[in-house]
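Spelled out from the first residue to the last, the chains are:
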Protein chains: 4
Amino acid sequence: MPVISPRKMQDRSDSILDAARSAFAETGFENTSVAQIARRAGISDGLLYRYFRNKRDLLNEVLRRFYERTMLDLEEIAARDMPFLDQLRDLVRRHLQTFVDDVDLCRLFFAEVRTQTDYAVSPIRQLNQRYTSIVVGIVQKAAARGEIRQGIDPRLVRDLIFGTVEHRAWSAVQGRQIDVDKTANDLVDIVMVGLQPVKQERL
Amino acid sequence: MPVISPRKMQDRSDSILDAARSAFAETGFENTSVAQIARRAGISDGLLYRYFRNKRDLLNEVLRRFYERTMLDLEEIAARDMPFLDQLRDLVRRHLQTFVDDVDLCRLFFAEVRTQTDYAVSPIRQLNQRYTSIVVGIVQKAAARGEIRQGIDPRLVRDLIFGTVEHRAWSAVQGRQIDVDKTANDLVDIVMVGLQPVKQERL
Amino acid sequence: MPVISPRKMQDRSDSILDAARSAFAETGFENTSVAQIARRAGISDGLLYRYFRNKRDLLNEVLRRFYERTMLDLEEIAARDMPFLDQLRDLVRRHLQTFVDDVDLCRLFFAEVRTQTDYAVSPIRQLNQRYTSIVVGIVQKAAARGEIRQGIDPRLVRDLIFGTVEHRAWSAVQGRQIDVDKTANDLVDIVMVGLQPVKQERL
Amino acid sequence: MPVISPRKMQDRSDSILDAARSAFAETGFENTSVAQIARRAGISDGLLYRYFRNKRDLLNEVLRRFYERTMLDLEEIAARDMPFLDQLRDLVRRHLQTFVDDVDLCRLFFAEVRTQTDYAVSPIRQLNQRYTSIVVGIVQKAAARGEIRQGIDPRLVRDLIFGTVEHRAWSAVQGRQIDVDKTANDLVDIVMVGLQPVKQERL
DNA sequence: TATGAATGAGCTTTCATTCAT
DNA sequence: TATGAATGAAAGCTCATTCAT
């Protein structure tokens, strides 16, 4: 009995994950059956269990890949040597774009993963932390460079950036389109100079 | 002439809602069976259906009560005649406190309701909109009074406030305590004057 | 504690039966709940059980009354002293009219009663037998009078009359209207002279 | 490559249908649970649903098989080139025999299917129409050939034949044996020459 | 390696009937 | 006498997972 080549195994694993991703995105985790995923992937139910321990494992892996892919972009931006203001704007823009492009996977994350009881110790959470800590990093760098004032809690900025984008994107899910560039500009504007009416130099 | 007193009916309705709230919070909507809720409430399956039309009705009612209760506080703050800065700080503090006090219900809302495909037309969404529009309202009033600069999109401020608080509270769910007063102060500080280092007059 | 008058009891029993009849006719036996009947009758669920042992008892009583009422008409016709031909035609017409007027009750009988396992010993069956034996009776009388030829099995005529009417009425239930007079004439015509083409004296 | 042989699948399908037929016949459609059928067939509940879409599908299939089997015989008789009289007698005999052989299935049809509100659009009704239209056809042919007199409504003859047989068989269900040949002869006799006492040529 | 047959627990909701009040 | 609260069984159907083939 011929053993399948590692290459072929990898291809199959990928195609299962593809099938799972699109199926979960379309109908949600609970409303997607393993049989549906297997059919989309062109294999039998049983074989799927050779590649993934169970249905939830599949979900976690789908989201892990999503995160890793998205993170690369964000980390690339964070690695650039550029003024904080511009860097922040690029990050916000990129993050917003992720929501626009993959709203279903985002919803999946919020609905099915973040609320799991074992989320605190899950590998997905570690990815999420690594993801959001990118903003913490550039804020610390900006503070060190004097680009922003002292005494700012970088984690609050992180929550502000991700929270705002998420909330905005979420309301955009219900109906209205989202203008990525304008939203990024407006948000960064507020974050930098605040709402106060006093005259001040723009950076 | 009802066979049980209205008081007893009310008590029972409350105890069912209590049971539903804690059960949903612990195991999620899908993974909680009506039978479990009935057992927690100390009644039979069938009787539950004399108080609530169906399982989803139960969820909606749990969240409606939560919202109405919370909203009263928020609207009371919004109705006060006080400087925008202080009003915003009170609102943020109150909203944060809600998360601290009722993290289970918040999780329930985010996980089970907001992600439903029919959320757009659900009664809960209307409550949520009324809830968040409170901030839109005070921002508009502040703009009219000249307390903040022109050209600010009030809905972006709304997303910023609720998104940040939510994100912060969410990370607080996983472990760490949250310092409500400090967080509120810091957030309002950033929102008002931004991160920029330039010297400026505080309001 | 005042005992209710026999008269009032009778009235109530009647109103329950009325409610049951119309409810069963509209939605069928299985799809009608005891609570619905009680509500229609303006009483509580529990009280209904003071008047009828159970739901099926109610059904039997509804049909028993229906039969008795219908039977009176049929027996009145059978008691008349008139030529067999005319008498038969009147009976057929009357029976057809019953289907037209009370198709729902007829359906109820066929669907819910005649197929009960204990139908063979039920009071309803006795009524049904008494009902159909009316035709047996007039056939025997006609044979004795020489109005029909010898050697005819009266029970076969009974089955012919009731079977044909039922079958015709049943197909009429699905859509098409039924012309009572024409159908009665045509049926009696065939029954009397048959289909054969030979010239013969009409009676 | 199916994991079980087509032969075995067919056998199982048959055994499920057998189980369903006898269970439905004994306790009726509503009062038979899918679990009961599965147990009779020696399989699990779930497996049954790989063979039949749902409970009603099972009922339809049971009756469809019955009809198709029976119809073949009837259509074979109708296709023969023989005098109307003899053909009719053969049809009646055959139809009566069906009742004698499969009284349970007949009861099932009358009690559970024909009385359904959606019977008018059910596949079973189409089979029934095709079945009964066989008699309509031979009557029309007989009329064209002059074997029966003009002005006869073939559909009334259809109702007469099927109605009478059904009624007779039905009363036979409760107890008494049925003499197929005699009944067929007597019925055809009446249908051809009627009840009238006048002298006439027999065909 | 691969299949898909087979399992059976699990779910929401309804409702006839009883009985405390 | 009258109420309607309370019970709890029952039912059709789905599906993650296992395992014989």
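Model, not experiment: these values are computed from the prediction.

**Q** Just to check I follow, could you spell out the overall build of chain A for this structure?
**A** Across its full length, chain A carries nine helices and zero strands. Secondary structure elements of chain A occur, N-terminal to C-terminal, as α-α-α-α-α-α-α-α-α. When its C-alpha atoms are laid out on the principal axes, chain A stretches across 75 × 35 × 30 Å. At a minimum sequence separation of 6, the contacts of chain A that also span at least 24 residues come to 67%. As displayed, chain A offers around 9,900 Å² of accessible surface, 49% of which is attributable to carbon and sulfur atoms. Across chain A, the 31 positively charged side chains and the 29 negatively charged ones have centroids separated by 2 Å.

**Q** Got a minute to help me understand the interface of chain D and chain C in this structure?
**A** A common way to report how large an interface is uses the accessible area buried once the components associate. Across the boundary between the two partners, chain D contributes 51 residues, which contact 50 residues of chain C. Where chain D packs against chain C, one counts four salt bridges. Those elements that place two or more of their residues in the side of chain D that touches chain C are helix H6 (103-113), helix H7 (123-145), helix H8 (154-173) and helix H9 (180-193) of chain D. For the side of chain D that touches chain C, the element with the most residues is H8(D), which contributes 14 residues. Residues that form the side of chain D that touches chain C fall into these classes: 20 nonpolar, 13 polar and 18 charged.

**Q** Can you walk me through the domain arrangement of chain A in this structure?
**A** Residue and element names in this part refer to chain A. Along its sequence, chain A is carved into domain 1 (1-52) and domain 2 (59-193). The centre of domain 1, based on its C-alpha atoms, is set 30 Å off from the matching centre of domain 2. Contacts between the two partners involve 11 residues from domain 1, matched on the other side by eight residues from domain 2. Together, the buried faces of domain 1 and domain 2 total about 840 Å²; carbon and sulfur atoms form 73% of this surface.

**Q** Help me understand the relation of the copies chain B and chain A in this model?
**A** Comparison of the two chain copies shows a relationship of rotation about an axis with a shift along it. Rotating chain B by 175° and translating it 0.2 Å along the rotation axis places it on chain A, where the RMSD comes to 1.1 Å. The two molecules are tied by a two-fold rotation axis, judged by turn and shift.

**Q** Help me out: how do you make sense of the interface of chain B and chain A in this one?
**A** Contacts between the two partners involve 50 residues from chain B, matched on the other side by 49 residues from chain A. Linking chain B with chain A are four salt bridges. B:Asp189 serves as the salt-bridge partner of A:Arg149, at 3.0 Å between the closest nitrogen and oxygen. Counting across the chain B and chain A interface gives six residue pairs in polar contact (both at pLDDT 80 or more).

**Q** Please explain the relation of the copies chain D and chain C as it appears in this structure.
**A** Expressed as a screw transformation, the operator carrying chain D onto chain C has a rotation angle of 176° and an axial translation of 0.2 Å, and the superposed copies differ by an RMSD of 1.1 Å. Same-surface contact between copies: 94% of interface residues of chain D are shared with the interface of chain C.

**Q** In this structure, what is going on with the protein's contact with DNA strand F? I would like to understand it.
**A** As a structural note, the neighbourhood of DNA strand F is formed by 33 residues, with A:Val34, B:Arg12, B:Arg50, C:Arg12 and D:Lys55 the closest of them. Here, DNA strand F places atoms within 4 Å of the protein, and 72% of those atoms are sugar or phosphate. One nitrogen or oxygen atom from the main chain of D:Thr32 is found 3.2 Å from a phosphate oxygen belonging to DNA strand F. For DNA strand F, a phosphate oxygen lies 2.9 Å from a polar atom in the side chain of D:Tyr49. Class assignment for the residues of the surface near DNA strand F results in 14 nonpolar, 11 polar and eight charged.

**Q** How should I be thinking about the protein's contact with DNA strand E in this particular structure?
**A** For DNA strand E, the set of nearby residues contains 32 residues, the closest of which are A:Arg12, B:Lys55, C:Val34, D:Arg12 and D:Arg50. Within 4 Å of the protein, the contacting atoms of DNA strand E are drawn from sugar and phosphate to the extent of 73%. Residue B:Lys55 places a side-chain N or O atom 2.6 Å away from a phosphate oxygen belonging to DNA strand E. Looking at the surface near DNA strand E residue by residue, the class counts come to 14 nonpolar, 11 polar and seven charged.

**Q** Sorry if this is basic, but what is going on with the pattern of salt bridges here?
**A** As a working rule, side chains carrying opposite charge can pair if their charged atoms are close by. Inspection of every chain in the model, using the stated rule, returns 91 salt bridges over all chains. For B:Arg155, the salt bridge is made with B:Asp153, and the minimal N-O distance between the two is 3.6 Å. Salt bridges here are not isolated pairs; linked through shared partners, they connect A:Asp14, A:Glu61, A:Arg64, A:Arg65 and A:Glu68.

**Q** What is the right way to read the arrangement of the chains from this model?
**A** These two, chain B and chain C, are apart from each other, with no contact and a minimum C-alpha gap of 12 Å. One thing to see here is that chain A and chain D don't touch, and their nearest C-alpha atoms sit 12 Å from each other.

**Q** I tried to follow the side chain of B:Ser13 on my own but got confused; where do I start?
**A** With respect to the secondary-structure elements, B:Ser13 resides in helix H1 (residues 6-27). With residues up to four places along the chain from it excluded, the contact list for B:Ser13 reads B:Tyr51 and B:Phe52.

**Q** I tried to follow helix H4 (residues 55-79) of chain C on my own but got confused; where do I start?
**A** Because each turn of an α-helix spans 3.6 residues, side chains separated by three or four positions end up pointing in the same direction. Between its terminal C-alpha atoms H4(C) stretches 36 Å, which fits the 36 Å expected from 25 residues at 1.5 Å a residue. The distance from a side-chain oxygen at the start of H4(C) to the backbone nitrogen of C:Arg56 is 3.3 Å, and the residue carrying that oxygen is C:Asn54.

**Q** Could you clarify how one ought to interpret the packing of H1(B) against helix H4 (residues 55-79) of chain B in this entry?
**A** Two numbers describe a pair of packed helices, the interaxial angle and the distance between the axes. Residue and element names in this part refer to chain B. At their nearest, the axes of H1 and H4 sit 10 Å apart, and the two run at 95° to each other. Regarding the angle of H1 to H4, the classification is roughly perpendicular. Touching Gln10, Asp14, Ile16, Leu17, Ala20, Arg21 and Phe24 of H1 are Lys55, Leu58, Leu59, Glu61, Val62 and Arg65, all from H4. The class makeup of the residues in the contact of H1 with H4 is seven nonpolar, one polar and five charged.

What counts, and at which threshold
Throughout, a residue's number is its position along its own chain's written sequence, starting from 1. A letter from A marks each chain and a number from 1 marks each ligand, given out in the order of writing. Local features are withheld for residues below a pLDDT of 70 in this predicted model, meaning they are given only at 70 or higher, and side-chain atom pairs are given and counted only at 80 or more; totals for whole chains, interfaces and linings count all residues. Side-chain descriptors were evaluated using all non-hydrogen atoms of the structure, hydrogens and water having been removed beforehand. Starting at the N terminus, helices and strands are each numbered in turn, a helix being any DSSP run of H or I of at least four residues and a strand any DSSP run of E of at least two. Contact criterion: two residues are considered in contact whenever any of their non-hydrogen atoms come within 4.5 Å of each other. For the area figures, the Shrake-Rupley method with a 1.4 Å probe applies, and any residue is considered shielded solely by the protein chains shown. Think of it this way: Lys and Arg go in the positive column, Asp and Glu in the negative one, and His and the chain ends go nowhere. By convention, charge coordinates are those of NZ in Lys, CZ in Arg, CG in Asp, or CD in Glu. Any Lys or Arg side-chain nitrogen found within 4 Å of a carboxyl oxygen on Asp or Glu counts as a salt bridge. Residue classes follow a fixed rule: Ala, Val, Leu, Ile, Met, Phe, Trp, Tyr, Cys and Pro count as nonpolar, while Asp, Glu, Lys and Arg count as charged, and any other residue, Gly among them, counts as polar. Boundary definitions for the domains trace back to an automatic or database domain assignment. The quantity reported as buried area is the accessible area (1.4 Å probe) lost by two parts once they are put together, taken as the sum for both. C-alpha atoms of residues with pLDDT of at least 70 in both copies form the basis for the least-squares superposition of the copies. Polar contacts, as counted here, are pairs of nitrogen or oxygen atoms within 3.5 Å of one another; within protein the pair requires one atom able to donate a hydrogen and one able to accept it, and residues that are adjacent in sequence qualify only if both atoms are side-chain atoms. Residues are labelled near a given molecule or strand when at least one of their non-hydrogen atoms is within 4 Å of it. An expected span of 1.5 Å times one less than the residue number is assigned to each helix. For helices, the fitted axis covers only the stretch in contact; all axes are lines through C-alpha atoms, and the angles between them, taken along N-to-C directions, range from 0 to 180 degrees. Throughout, the term roughly parallel applies to angles under 35 degrees, roughly antiparallel to angles over 145, roughly perpendicular to angles from 65 to 115, and oblique to all others.

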